[in-house]
Amino acid sequence: MDFGTFLLLQSPSARSQEEIFARGVNIAQTADRLGFDSVWCAEHHFSTYGYLSRPLMFATHLAARTERIRVGSAVVVLPLHHPLVVAEEIAIADLLSGGRLDVGLGRGYQTYEFERFGHSLDESRERFDEAIDVLLRAFQGVPFSHDGTHYRFGETTVFPVPVQRPHPPIWIVGQSLESVVGVARRGFNLVSGGFGVPVERLRSFREGFDAVVTDREARRRVRVSTQRPVYVTRDRSELPAVIEHARWNMRVTLSLRQGLERVERGRALAVPFDSEPEDRDLLERYFIMGTPQECITRIGELRDAMGMDHFNANFWFGDLEEQQVLRSMELFAHEVMPAFS
């Protein structure tokens, strides 16, 4: 198993953009020094839930400020953009990073964002599938045209093309069996989970994956990843306060997913939802938090549940202080990662 770290660039208290982006760079450089394999940049718009609107742009910047770590998007919300523009951005990021780019792509889930771009979330799957077809043809670097439902253009050649051939590794976010089938058919990698997804749902997801993708070789080719908020400490008395920072992310994520968002003057507000898990339940089923040994145990449970070979650790959530984040990363790298090497 290899390990990445995830950057949402959020702030419940609406801290300055200079501070937020500087922290993102520092965390990426720390991950590079500590031996993490990758750093992933989210895409969000129009609220303090995520300051980062162009993940490939930031990934390119991080590649220039690091030495060996791979950089990636997690994810580019493909239906919000014209696929030819995305193809160009991917190729440039791959070129300037020296072939250190991974590409995460997703359909998106926030009505709030889609409406402001003049798109409908109901069309997201259609747009996503068609845009993938355009991307794969654009990466070939030869003239092509396209006459689809959502995108139409005459003969076009995209410059440059990715330096990784035929293209950088592509990771698709998916929860449904329909998404799984599409990922396996194209030979992409699969990401599932995140805030608000309990471990038993990931186990069910894996069972569905194995039932649908019956070819053993096809299953072997698909890498599987999940993401979790992570906090490693030797002092468990820290956990109640830390959990509240992660709970903010969970509340905002679920409210945006359900169309219950509250955004005031750009500031994302956490909306409590019915039957919220208690702290103990969050630690057992949703989060990776506690002592190094407790974190090893929880990651092992996730690995066994979904057969993952990549784990994406979200160390910075809510308004967690930077020094707490960096201490947690140090402990994770020195005492948790070696258990899975």
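The preceding data block contains the structure.
Every value quoted in this text rests on a predicted model; they were computed, and no experiment measured them. (Residues numbered from 1 in each chain as written. Predicted model: local features only at pLDDT ≥ 70, side-chain atom pairs only at ≥ 80, totals over all residues. Heavy atoms only, no water.)

Participant: Looking at this structure, how should I read helix H7 (residues 199-212)?
Facilitator: Since the α-helix advances by 3.6 residues per turn, residues separated by three or four positions end up pointing in the same direction. A rise of 1.5 Å per residue sets the reference length of H7, with its 14 residues, at 20 Å; its end C-alpha atoms lie 20 Å apart and thus fit the reference within 8%. Restricting attention to buried positions, one finds in H7 the residues Val199, Leu202, Phe205, Arg206, Gly208 and Phe209. Tucked inside the fold, the buried residues of H7 contact helix H6 (177-186), strand E8 (189-191), helix H8 (216-221), strand E9 (224-232), helix H10 (279-285) and helix H11 (292-306). (Helix = DSSP H or I, 4+ residues; strand = E, 2+ residues; numbered from the N terminus. Expected span 1.5 Å × (residues − 1). Buried < 20%, exposed > 50% of the residue type's maximum accessible area, 1.4 Å probe, protein only. Contact = heavy atoms within 4.5 Å.)

Participant: Sorry, what's going on with the pairing of strand E3 (residues 70-77) here?
Facilitator: Moving residue by residue along a regular strand, the side chains alternate between the two faces of the sheet. Counting buried positions over the eight residues of E3 gives six, a clear majority of the element. As paired elements, strand E2 (residues 38-41) and E3 share four bridges and run parallel to each other. Bridging across to E3, Trp40 finds its partner in Gly72. In the classification by handedness, the crossover that spans E2, the intervening helix H2 (residues 55-65) and the parallel E3 is right-handed. Sheet topology note: the E3/strand E4 (residues 101-106) ladder contains five bridges and is parallel. Considered in E4, the bridge of Val76 is made with Leu105. In this region the chain leaves E3, passes through helix H3 (residues 83-96) and returns to the parallel neighbour E4; the handedness of that crossover is right-handed. (Pairing = 2+ DSSP bridges. Right-handed = clockwise from strand over helix to strand, strands pointing away.)

Participant: Please explain the nonpolar core as it appears in this structure.
Facilitator: In summary, soluble globular proteins display a tendency toward joint burial of nonpolar side chains. Ranked by size, the top nonpolar core spans 95 residues in total, and within it Phe36, Leu105, Met289, Phe311 and Phe332 carry the most contacts. Looking at this core element by element, the count peaks at seven residues for helix H12 (residues 322-336). Dropping the residues within four chain positions of it, Phe332 is found in contact with Phe3, Phe36, Val230, Val232, Ile299, Phe311, Phe315, Met337 and Pro338. (Core = buried A, V, L, I, M, F, W, Y, C linked by side-chain atoms within 4.5 Å.)

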